[in-house]
Amino acid sequence: MSKPDEGLAGRHIVLGLSGGIACYKSAELVRELGRAGATVQVVMTEAAQAFITPVTMQALSGRPVLSSQWDAREPNSMAHINLSREADAILVAPASADFIAKIAQGRADELLSLLCVARPIDKCPLLLAPAMNREMWLHPATQRNVAQAVADGATVLGPGEGDQACGEIGDGRMLEATELCDELIAFFQPKLLAGQRVLITAGPTFEAIDPVRGITNLSSGKMGFAIARAAQEAGAEVTLVAGPVHLPTPRHVRRIDVRSAQQMHDAVLPLAPSQQVFVATAAVADWRPASLAEHKIKKDGTHRVPSFELSENPDILAAVARLPVRPYCVGFAAESQDVAHHAREKLLRKNVPLIVGNLGPATFGRDDNTLVLVDAAGDREIPTADKLSLARTLVREIADRLPT
Ligand code: C5P
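So, here is what we can say about the structure in this document. Just so we're clear, the structure is a prediction, and the values are computed from it rather than from any experiment.

**A look at the side chain of glutamate 110**
So, step 1. With respect to the helices and strands, the residue glutamate 110 is situated in the loop between α4 (97-105) and α5 (111-118).
So, step 2. Since its relative accessible area comes to 15%, glutamate 110 is described here as buried.
So, step 3. For glutamate 110, the side chain forms a polar contact with the side chain of serine 113, separated by 2.5 Å.
So, step 4. Ignoring anything within four residues of it in the chain, the contact list for glutamate 110 reads Thr45, Gln69, Phe99 and Lys102.

Rendered as structure tokens:
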């Protein structure tokens with residue numbers, strides 16, 4: 001199992017629950033936030049307590065739940081001040097239609113809305129995860145209130161769409177706990193690629209021999225998918241062209257699935273001129289069978305082994321690097337030895353400004369990797385870490401190298 005992303009390490013989150021059936025997801029959310037390294041202080045409205053008990057939330061967060069501004073446990077009787085000064089963010093999940101209306105109006109008649117109004121706006125961000133019936137979500141008053149809350153500095157996460165507890169289908173579902181946790185992690189990442197378009201290739205390619213067989217390789221796509229997530233977290237608009245892999249698409253990333261190197265090439269080339277960054281992590285097959293057998297190649301009992309002619313695949317990275325208007329190009333070199341040497345050779349041969357070297361057999365399919373960055377300035381090793389941490393480091397390195 002992969003290690004949890006510790007993207008909230010050292011963060012203190014006030015998790016507010018207002019009334020809604022989605023409160024059941026907030027129990028899981030506390031656990032997700034904890035796994036991501038955060039400490040969590042739960043605050044519940046009276047309505048929330050009709051859906052889930054403070055006992056459950058206390059047990060999961062490891063802290064007494066607060067629900068009243070008159071709570072005598074606060075020595076200075078100022079829970080709203082204490083809570084909003086300690087927090088790195090306030091996340092209200094679920095945020096009901098009524099609660100959002102209160103935020104839009106700046107009302108403060110119970111602890112949760114009170115501490116939202118009392119928070120120092122520039123230091124303590126407010127994130128709202130709406131959860132309500134689709135008609136309530138679409139109601140002009142709700143939309144007006146959401147727009148007002150956003151204008152006043154709140155960030156809205158979701159809502160998602162799909163089956164609702166009321167039996168209807170549409171917009172208004174609270175995002176799932178893992179999605180909300182990922183959104184919060186992304187929220188805290190520095191927006192180093194804000195406004196930039198980033199195109200990434202990932203995974204292996206599959207070069208068909210006949211309708212059931214083909215040539216491929218052991219690339220899992222994990223590094224490329226991690227870079228897509230890290231670039232998106234950094235504020236980029238990300239397109240991920242993926243070979244055949246079994247990985248979920250990172251949130252807010254546009255994914256284009258392809259199979260062969262030629263398909264990957266044909267998906268990438270028209271997009272490339274409009275991008276600021278191109279990161280080629282895909283392990284593209286160098287060759288493909290020269291012809292595709294229409295039917296499965298069968299054994300004929302003679303023990304004769306079929307042989308194949310191979311044709312060379314287009315080099316996607318080199319083709320992008322040759323474009324008259326080209327993005328900043330980053331290549332990968334998965335080698336079995338002499339990583340830095342081979343990476344530098346690729347830097348020159350493909351005419352790209354940055355090659356990221358790694359040991360192919362040691363990293364394929366794994367969650368950890370070690371990288372060496374090779375560019376005109378020299379070689380720099382990025383020590384072993386999980387692929388998402390490495391991807392965030394690489395995004396920083398790329399952002400530093402972009403023309404201002
Ligand atoms: O050509 P080679 O495999 O040595 O270089 C690896 C780098 O080039 C990787 O960034 C890979 O994604 C990219 N590449 C490509 N198209 C190919 C072969 C490799 O984009 N046909």
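**With respect to the pattern of salt bridges**
So, step 1. By the definition in use, this model includes 26 salt bridges.
So, step 2. Between arginine 107 and aspartate 109 there is a salt bridge, with its nearest N and O atoms 3.7 Å apart.
So, step 3. Through salt bridges with shared partners, one network takes in Lys102, Arg107, Asp109 and Glu110.

**A closer look at the nonpolar core**
So, step 1. Leu193 and Ile398 are the most contacted members of the largest nonpolar core, which totals 36 residues.
So, step 2. Of all the elements in the fold, those that place two or more residues in this core are β8 (197-202), α9 (222-233), β11 (237-242), β13 (277-280), β16 (328-335), β17 (354-359), β18 (368-375) and α14 (387-401).
So, step 3. Among residues more than four places away in sequence, those in contact with leucine 193 are Val198, Ala231, Ala234, Gly235, Ala236, Val395, Ala399 and Leu402.
So, step 4. Leu91, Leu127, Leu175 and Leu184 belong to the second-largest nonpolar core, a separate cluster that totals 34 residues.

Criteria and cut-off values
Throughout, a residue's number is its position along its own chain's written sequence, starting from 1. The predicted origin of the model limits local features to residues at a pLDDT of at least 70 and limits the giving and counting of side-chain atom pairs to 80 or more, whereas totals for whole chains, interfaces and linings rest on all residues. Think of the side-chain values as coming from all heavy atoms in the structure, minus any hydrogens and water. Here a strand is any run of E in DSSP of at least two residues, a helix any run of H or I of at least four, and the numbering for each starts at the N terminus. Type-normalised accessible area, obtained with a 1.4 Å probe on protein chains alone, sets the label of each residue: buried when under 20%, exposed when over 50%, and partly exposed for intermediate values. Any pair of nitrogen or oxygen atoms within 3.5 Å is treated as a polar contact; in protein, a donor-acceptor pairing is required on top of that, and neighbouring residues in sequence qualify only through side-chain atoms on both sides. Residue contacts follow a heavy-atom distance rule, with two residues in contact if any of their heavy atoms lie within 4.5 Å. One speaks of a salt bridge when a side-chain nitrogen belonging to Lys or Arg is within 4 Å of a carboxyl oxygen belonging to Asp or Glu. Only buried residues count toward a nonpolar core, which is a set of Ala, Val, Leu, Ile, Met, Phe, Trp, Tyr and Cys residues joined through side-chain atoms within 4.5 Å.

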